[in-house]
Structure formats: structure tokens, C-alpha cells
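Residues per chain, in single letters:
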Amino acid sequence: MPKNRFSPIEVQQFLKGMSYPASKEDLVNHARRNRASDGIISMLNGMRTSSFNGPTDVNDALSD
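I will try to describe carefully the structure that is included in this document. These figures come from a predicted structure and were not determined experimentally.

This part covers unusual backbone geometry. Omega for the peptide link from Y20 to P21 comes to 0 degrees, which places this bond in the cis form. If you trace the backbone, P21 turns up in the loop between helix 1 (8-14) and strand 1 (22-23). Positive phi is not limited to glycine here, since R35 has a value of about 60 degrees. Here R35 is to be found in the loop between helix 2 (24-33) and helix 3 (38-45). R35 gets classed as exposed once you look at its relative accessible area, which sits at 74%.

What follows is the structure in C-alpha cells.
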């Protein structure tokens, strides 16, 4: 998978209103409902972490 092409701010725009804790599947579904691009969906699906307690956890997982 290519290195992160989107900034954490761009990704978080599509996760606005997300309730935590959340699973990776929850994040992907929420981002899809918010009309995230295929690239952002792919990045979320590619994260190694499967459970998130907040936006900081998502940003940390995306930077791995």
C-alpha cells in the first residue's frame, strides 16, 4: 500500500461525528457514509490496528 497520501486532517473530516470506542469496520462504514474517497477508505482498511479509543488512535495507526 502506498504511504499515507492524505493528511490526518483530511481523514478526520470524514470521521466527523464518529462515536468512540470504535472498530476499524465502524470507521470505514462511517467514512463511507460521509462520502470518503476510495483512497481514504483503502487507508482505513489498511490500518493494522482494529480498535480505536479516539481520533488520536486513528492518526497514530495511519502513521504506522
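Turning our attention to the side chain of H30. Take H30: it is sitting in helix 2. Those residues in contact with H30 that sit more than four places away from it in its chain are F14, L15, K16, G17 and M18.

Basis of the calculations
Residues numbered from 1 in each chain as written. Predicted model: local features only at pLDDT ≥ 70, side-chain atom pairs only at ≥ 80, totals over all residues. Heavy atoms only, no water. Helix = DSSP H or I, 4+ residues; strand = E, 2+ residues; numbered from the N terminus. Buried < 20%, exposed > 50% of the residue type's maximum accessible area, 1.4 Å probe, protein only. Contact = heavy atoms within 4.5 Å.

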